[in-house]
Protein chains: 2
Amino acid sequence: MQILTENPNRDYPLGYFAELFKCAKSSVSEDIKLIRSAMDTAGYGYVETTSGSKGGVRYVPYISDERALQVLTKIKTMLEEPDRQIGGDILYTSDIMFSPELSRGAAEIFAKHFASTEADFVITVEAKGISVAGFTAEMLHLPLVVIRRETLVSDGPTLSINFFSGSNDRFQKMSLSKRAVKPGTRAIIIDDYMHGGGSIKGIEDMLYEFGARSAGVGVVIAAGKEWLEESSDRYPLIYMNESPDGIRFEINPRI
Amino acid sequence: MQILTENPNRDYPLGYFAELFKCAKSSVSEDIKLIRSAMDTAGYGYVETTSGSKGGVRYVPYISDERALQVLTKIKTMLEEPDRQIGGDILYTSDIMFSPELSRGAAEIFAKHFASTEADFVITVEAKGISVAGFTAEMLHLPLVVIRRETLVSDGPTLSINFFSGSNDRFQKMSLSKRAVKPGTRAIIIDDYMHGGGSIKGIEDMLYEFGARSAGVGVVIAAGKEWLEESSDRYPLIYMNESPDGIRFEINPRI
């Protein structure tokens, strides 16, 4: 079960486990049945099996609505802490975004939502989205590509674009190694925070320059509800809205 | 088992599982025994239990020497691919460092090595070490702190230091939010690449400025063997050495 859950969306033949545990395939098969029913009860995902002589098994991560709400409520409560506001609508979120527990929880929600997109990789821009994007990539069994804000020597030849960052209120640069993305591929874009959509637009432009395209966009916090209505493949977890009483957070009611 | 392995080093009372699966604590206890023996066979970690009325259970990740060598051999083989060299001793490693499978593997080796340090958090500097550091933090059930190369508005007041980067052959800046680290704490430093040790020294200086200190240093690739001999709490996974025949990689024989 651990091998399956640490390697989501990857097929394992029953023979693999039979050899590992030195037992008959039929016993493995019985155990898989037990695991499957335990999983159904716990709400952490499910186990898919294919029968026949080449019979195999894979774990598909799945977060129950109840657990998704638990995770998002915890993030929302932390966002509402009064000393998080640095000034205006700027919030300190590094501890939330790099918390293994919370970033994994957010990633499970993204992985469930984007499970059927058949994307080729997950892409983000450094730095606060890397943890969520990394867990999402792991759960979908896809590679992770990280766009940089500053070019590093070790990237080799890079492609750079400029984009307008709403959260920093100025133009910024993003760069990606020429060898990081192949033409004709599709990416799930994951980011921690969206304010105006400049950096998401930047990532989409970057994909276009590589001959690749977006298969969907997931952000943890979206400032402004209008963003949602633009397109159905955009999936924010928590909305942040300014009101006369201050900043308000709302969990995306679609989750 | 999934709940345990996705929440390493965290205690769960047996009653938690009894309630979740609606069964007696004694059945949970029997199942835990089964899980423990399966774990021992598979070499993925072990399950610790405490008995008595407050009896609980926790999963401690543990990578067997055999699996550690498998992961490191895979990374070494990829590093040896001829088109990875960008010029001189600069290598393209983003795909390796952000591969969920390989970065998790490297993290398992670090988590095992640093399990007894009783550190308070894991720290890295953006960007290529974030995935390995994130998995290490998750497995040790610690928060992750990420030092930035560029100050972000959302960090609020930051503390910055300059360090000499051997891999980029120039002085660079790193910044960390004033609220990210508490005085008196201890950190495990994780980085993807060490060349001359400037950035590790920078992280150590940064910790010092916060009144915190290092509990150990893990790097995936260390250029130059002399680094190892400096101190026993420094733990590189793969050495990179220049020789007249080109660059050579060697798995740390201590692993």
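Throughout this document, residue positions are counted from 1 along each chain, in the order its sequence is written. To label them, take the chains in the order written and letter them from A, then take the ligands in the order written and number them from 1. Restriction of local features to residues with pLDDT of at least 70 applies here, the model being predicted, together with a cutoff of 80 or more for giving and counting side-chain atom pairs; totals for whole chains, interfaces and linings are based on all residues. No hydrogens and no water enter the side-chain calculation; it runs on all heavy atoms of the structure.

1. So, the environment of Ile130(A)
Which entries qualify depends on this criterion: Put simply, DSSP H or I for four residues or longer makes a helix, DSSP E for two residues or longer makes a strand, and each gets a number counted from the N terminus. Note on definitions: a residue-residue contact is assigned when non-hydrogen atoms from the two residues lie within 4.5 Å.
With respect to the helices and strands, Ile130(A) occurs in helix H7 (residues 130-140). Residues Ile130(A) and Thr77(A) lie 53 residues apart in sequence; the distance between their C-alpha atoms is 22 Å. If sequence neighbours within four positions are ignored, Ile130(A) has contacts with Thr124(A), Leu144(A), Val146(A), Phe98(B), Ala127(B) and Ile130(B).

2. Some points on the relation of the copies chain A and chain B
Note the following rule: Superposition of the copies was done by least squares, using only C-alpha atoms of residues whose pLDDT is at least 70 in both.
Superposing chain A onto chain B takes a rotation of 180° combined with a translation of 0.0 Å along the rotation axis, leaving an RMSD of 0.0 Å. In symmetry terms, the pair is related by a two-fold rotation axis. When the interface residues of chain A are mapped onto chain B, 100% of them are again interface residues, pointing to one common binding face.

3. Side note on H7(A)
All names here are of chain A. The cut-off we apply is this: Remark: exposure states derive from per-residue accessible area (1.4 Å probe, protein chains only) relative to the maximum for the residue type, with buried under 20%, exposed over 50%, and partly exposed in between.
Of all 11 residues that make up H7, 11 are buried, and the element is covered over most of its length. Residues of H7 that are buried: Ile130, Ser131, Val132, Ala133, Gly134, Phe135, Thr136, Ala137, Glu138, Met139 and Leu140. Positive backbone phi, approximately 55°, marks His141, located one or two places after H7.

4. Things to note about the sheet that holds strand E3 (residues 56-61) of chain A
Strand pairing in a sheet is mediated by backbone hydrogen bonds. Such pairs are either parallel or antiparallel. All names here are of chain A. For the record, the criterion: Should DSSP find at least two bridges between two strands, the strands are taken to pair.
The 3 strands lie next to each other as E1-E3-E2, forming an open sheet whose pairing is antiparallel. Every interior strand has two partners, whereas the edge strands, strand E1 (12-13) and strand E2 (45-50), have only one. In the sheet, E2 pairs with E3 via 6 bridges, with the strands oriented antiparallel. Residue pairing for E3: Thr50 is matched across the bridge by Gly56.

5. Some details on the environment of Thr151(B)
Residues and elements named next belong to chain B. For Thr151, the location among the structural elements is in the loop between strand E7 (144-147) and strand E8 (158-165). The sequence separation of Thr151 and Gly129 amounts to 22 residues, and the corresponding C-alpha distance is 18 Å. Aside from chain neighbours lying at most four places away, what touches Thr151 is Thr158, Ser160, Lys173 and Ser175.

6. Regarding the pattern of salt bridges
If the charged atoms of two oppositely charged side chains come close together, the side chains can form a pair. The line we're drawing: In what follows, salt bridge is the name for a side-chain nitrogen of Lys or Arg lying within 4 Å of a carboxyl oxygen of Asp or Glu.
Using the criterion set out here, one finds 32 salt bridges over all chains in the structure. Here Glu138(B) ties to Arg104(A) by a salt bridge, and the two come within 2.5 Å at their closest N and O atoms. Here the residue Glu138(B) occupies a position in helix H7 (residues 130-140), and Arg104(A) occupies one in helix H6 (residues 100-113), the pair thus bridging two chains. Judged by relative accessible area, Glu138(B) falls into the buried class, the value being 6%. Classification of Arg104(A) by relative accessible area gives buried; the value is 8%. Residues Asp155(B) and Arg148(B) are paired through a salt bridge, measuring 2.7 Å at the closest nitrogen-oxygen approach. Given the relative accessible area of 2%, Asp155(B) is considered buried. For Arg148(B), a relative accessible area of 2% translates into the label buried. Salt bridges sharing common partners tie together Arg104(A), Glu138(A), Arg104(B) and Glu138(B).

7. Section: the packing of helix H4 (residues 65-79) of chain A against H6(A)
All names here are of chain A. To keep it simple, the criterion reads: Every axis in this analysis is a line fitted to C-alpha atoms, fitted for helices over the stretch in contact. Angles between the N-to-C directions lie between 0 and 180 degrees. Note on angle classes: values under 35 degrees are labelled roughly parallel, values over 145 roughly antiparallel, values of 65 to 115 roughly perpendicular, and the remainder oblique. A clockwise turn of the near helix away from the far one marks a right-handed crossing, whereas an anticlockwise turn of less than a right angle marks a left-handed crossing. For this classification, the nonpolar set comprises Ala, Val, Leu, Ile, Met, Phe, Trp, Tyr, Cys and Pro, the charged set comprises Asp, Glu, Lys and Arg, and every other residue, Gly included, is treated as polar.
Contact pair H4 / H6: the axes reach a minimum separation of 10 Å and the direction vectors enclose 135°. As the angle between them shows, H4 and H6 are arranged oblique. The crossing of H4 and H6 is left-handed. Between H4 and H6, the residues in contact are Asp65, Arg67, Ala68, Val71, Leu72, Lys74, Ile75 and Met78 and Glu101, Leu102, Gly105, Ala106, Glu108, Ile109 and Lys112, respectively. Counted by class, the contact of H4 with H6 contains 8 nonpolar, 1 polar and 6 charged residues.

8. Points about the interface of chain A and chain B
Applied cut-off: Buried area is a sum: the accessible area each of two parts loses on coming together, probed at 1.4 Å, counted once for each and added. Think of a polar contact as two N or O atoms within 3.5 Å of one another; within protein, one of them needs to be a possible hydrogen donor and the other a possible acceptor, and neighboring residues in sequence only count if both atoms come from side chains.
Facing the 53 residues of chain A at the interface are 53 residues of chain B. Surface buried jointly by chain A and chain B totals about 4,600 Å² across both partners, of which 56% is contributed by carbon and sulfur atoms. Sorting the residues of chain A by area buried against chain B places Gln2(A), Tyr92(A) and Arg179(A) first, and these three jointly supply 14% of that buried surface. If you look at where chain A meets chain B, you find 4 salt bridges. Residues Arg170(A) and Glu150(B) are paired through a salt bridge, measuring 4.0 Å at the closest nitrogen-oxygen approach. At the surface where chain A touches chain B, the tally comes to 8 residue pairs in polar contact (both at pLDDT 80 or more). Secondary-structure elements contributing two or more residues to the side of chain A that touches chain B are helix H1 (2-6), helix H2 (14-20), helix H3 (25-42), strand E5 (90-91), H6, H7, strand E7 (144-147) and strand E9 (170-177) of chain A. No other element matches H7(A), which puts 5 residues into the side of chain A that touches chain B. The residue inventory of the side of chain A that touches chain B, partitioned by class, reads 27 nonpolar, 10 polar and 16 charged.

9. Examining the domain arrangement of chain A
Residue and element names in this part refer to chain A. Our working rule: Either an automatic procedure or a domain database provided the assignment from which the domain bounds are taken.
What the domain assignment reports for chain A is domain 1 (2-61) and domain 2 (65-251). One C-alpha centre belongs to domain 1, the other to domain 2; they are set 32 Å apart. The interface of domain 1 with domain 2 comprises 7 residues on the first partner and 5 residues on the second. Both sides of the domain 1 and domain 2 interface together cover about 590 Å² of buried area, and 53% of this is carbon and sulfur. On the surface where domain 1 and domain 2 come into contact, there are 0 salt bridges. Remark: the boundary between domain 1 and domain 2 carries 2 residue pairs in polar contact (both at pLDDT 80 or more).

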